[in-house]
Amino acid sequence: MKVKELMTRDLTAAEPTMTVRELIELFVRSGLSSVPVVNDEGRIVGIISERDIIEGALPGYFEVLYGITDMNHLSQKLREIENDHIEFYMTPDVVTIEEDEDDLVAADLMIRKNVKSLPVVNRDGIFVGVLRRIDLLKDLL
Amino acid sequence: MIITVTPNPAIDKIYWIERLCLEDGEMPVMRATRSYLTAGGKGINVSIFLARLNIETIAMGFIAGETGRALERRVRDEGITTSFIWVEGETRTNVTIVEHGHEARPIQITEQGPMVPPDALKRFIAQYKRALQRARYVFLGGSLPPGVPETFYQELTHLAHARRVPVIVNASGEALTHALSEQPWLVKPDTRQHPLGTPEEILRTGREWIAHGIGAVLVSHDITHDVLITPQGAWDLEARDVQFKNLLGAEDALIAGTLSATAQGASLEEAVRWGMAAATACAESEELVVTDRQRIEQALTKVHVHQL
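**Brief notes about the overall build of chain B**
Right, on to step 1. From N to C terminus, chain B includes nine helices and 14 strands.
Right, on to step 2. Expressed along its principal axes, the backbone C-alpha trace of chain B runs to roughly 55 × 50 × 35 Å.
Right, on to step 3. Here chain B holds 308 residues, and the buried ones make up 56% of them.
Right, on to step 4. Put simply, chain B shows about 13,400 Å² of open surface, and 48% of that area lies on carbon and sulfur atoms.
Right, on to step 5. Side chains of chain B give 30 positive and 38 negative charges; the mean places of these two sets differ by 6 Å.

Below is the structure:
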């Protein structure tokens, strides 16, 4: 099957100039935990997740600490970056897949790159949806 | 691809009941014989119709809360691409009660919708501009939630025209008046709360709008009549011998049917006739959206057109 037949047809995305606070509000309201970052043309320029925000507030946290000992510290650090643009915290190198690719190519890419989802682009490189692992699993049943 | 904008979408809950008991002194408990839950709002209904005909469509608007999530899931399950802006609060739940024997006059209870703050409007415009790059048509329809200015449809029409994308506006009041200044391709005034008057008054208003550069005007003047006014002329379309079961969504089917036929190359006059057949097929069914070609073609035999 083609990726476009399986993908989640959702264009929820962030813009590079969105603030950290606005992104957290988007995550809370939508229930999403990561979104592609797109430019004015709809091309993907990055991806940003909850993890990127925590790492932005507490650099090295995931590698070193493995546990929060002081919530006030995290809260204070988050407030320090809440008005920053998310472009400073996003991952700019994004693995994407074209909507006309086969599901096998997508599954292989997800395993090799160890990602849970892939932003999907059309032939012109415009963001058109997201392929999640569950979209592939659902199709295999 | 066709963009539909529903600024104030809703989950629609429809109840069919045998008898509406509202006499004084009663503590009425009315048991529904059937009920139905669906994602709703003008643009959403248009998108559902188009998606079932395999026409690519993006649904846009503002959603909130658990109801917003339920709505988004239902819209996506129809094969529609979603591009909603999340705001605080709760998306509307609108209730319709259809009483046996009074199917042509359902009771509707609608909520106001969540407040849309300025930053959400800004994000919507950015997302809309991106979607316009791939759009063939734009449909703008329905009421505006709190916080959305009356000039919203005017701005969206302006932005679409900058990309040479034709726009259909289905609205009323100030939102419609402002949008008219941008001369949309097709205007369908929502006459439920702002009727345009007698057939003669509708014709006069429609011709005035055409003289001001509107592409075409489509007006419903009673349950079974529509008037189409274009620079080439005016037509009355009448659906005869309709067995009403459910009027909810019929107006949206009229627009969606017109849009789908236009997108497939029909002239506007032919497309509106097809749209009216789609609306008739919906009105004669308890389903909100009927896209079965055979049923619409059967309904087409009930649609009679004469030039005014």
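**Some words on the pattern of salt bridges**
Right, on to step 1. Throughout the structure, instances matching the rule amount to 21 salt bridges over all chains.
Right, on to step 2. Via salt bridges that share partners, B:K42, B:K188, B:D190, B:E251 and B:D252 belong to a single interconnected network.

**Points about the packing of helix α7 (residues 250-263) of chain B against helix α8 (residues 268-283) of chain B**
All names here are of chain B.
Right, on to step 1. Where α7 meets α8, the closest approach of the two axes is 7 Å, and the angle between their N-to-C directions is 140°. Crossing hand, α7 versus α8: right-handed. On α8, the residues that touch A250, A253, L254, G257, T258, S260, A261 and T262 of α7 are L268, A271, V272, W274, G275, M276, A278, A279 and C282.

**Quick word on the sheet that holds strand β6 (residues 92-99) of chain B**
Residue and element names in this part refer to chain B.
Right, on to step 1. The strand order across the open sheet built from four strands is β3-β2-β6-β7, with neighbouring strands paired in mixed fashion. The open sheet is flanked by β3 (32-40) and β7 (107-109), the only strands paired with a single partner. The average angle at which neighbouring strand axes cross in this sheet is 15°, direction not considered.
Right, on to step 2. Here three bridges tie β6 to β7, and the two strands are oriented antiparallel to one another. Residue pairing for β7: V95 is matched across the bridge by I109.
Right, on to step 3. Packing against the sheet, helix α2 (residues 65-77) makes contact with β2 (10-17), β3 and β6, and its axis sits at approximately 85° to β3.

**A word on empty space enclosed by the protein**
Residue and element names in this part refer to chain B.
Right, on to step 1. Tallied over the full model, the rule gives three cavities of 30 Å³ or more.
Right, on to step 2. In this structure, the largest cavity occupies an estimated 110 Å³ of space.
Right, on to step 3. Split into classes, the residues belonging to the lining of the largest cavity amount to six nonpolar, three polar and two charged.
Right, on to step 4. Considering only enclosed or pocket space, the second largest cavity measures out at about 50 Å³ in volume.
Right, on to step 5. Going through the elements one at a time, β5 (81-86) and α3 (118-132) are the ones with two or more residues in the lining of the second largest cavity.
Right, on to step 6. Per-element tally for the lining of the second largest cavity: the top contributor is β5, with three residues.

**Examining the side chain of A:E99**
Residues and elements named next belong to chain A.
Right, on to step 1. Considering the arrangement of structural elements, one finds E99 in the loop between β3 (97-98) and α6 (103-113).
Right, on to step 2. Buried charge without a partner: E99 forms no salt bridge, and the closest opposite charge is K4, 5.2 Å away.
Right, on to step 3. Setting aside residues no more than four positions away along its own chain, E99 makes contact with K2, V3, K4, M7, V120, V121, N122 and V128.

Calculation criteria
- Residues numbered from 1 in each chain as written.
- Chains lettered and ligands numbered in written order.
- Predicted model: local features only at pLDDT ≥ 70, side-chain atom pairs only at ≥ 80, totals over all residues.
- Heavy atoms only, no water.
- Helix = DSSP H or I, 4+ residues; strand = E, 2+ residues; numbered from the N terminus.
- Buried < 20%, exposed > 50% of the residue type's maximum accessible area, 1.4 Å probe, protein only.
- Areas by Shrake-Rupley, 256 points an atom, 1.4 Å probe, with all protein chains shown as cover.
- Lys, Arg positive; Asp, Glu negative; His and termini not counted.
- Charge placed at Lys NZ, Arg CZ, Asp CG, Glu CD.
- Salt bridge = Lys/Arg side-chain N within 4 Å of Asp/Glu carboxyl O.
- Axes fitted to C-alpha atoms, helices over the stretch in contact; angles between N-to-C directions.
- Left-handed = near helix turned anticlockwise from the far one by under 90°.
- Contact = heavy atoms within 4.5 Å.
- Pairing = 2+ DSSP bridges.
- 1 Å grid on protein atoms, 1.4 Å probe; cavity = no way out; pocket = protein on both sides within 12 Å on 5 of 7 lines; lining within 4 Å.
- Points joined across faces, edges and corners; volume = space filled by probe spheres on them.
- Nonpolar A, V, L, I, M, F, W, Y, C, P; charged D, E, K, R; others polar.

Nothing here speaks to function; it is geometry throughout.
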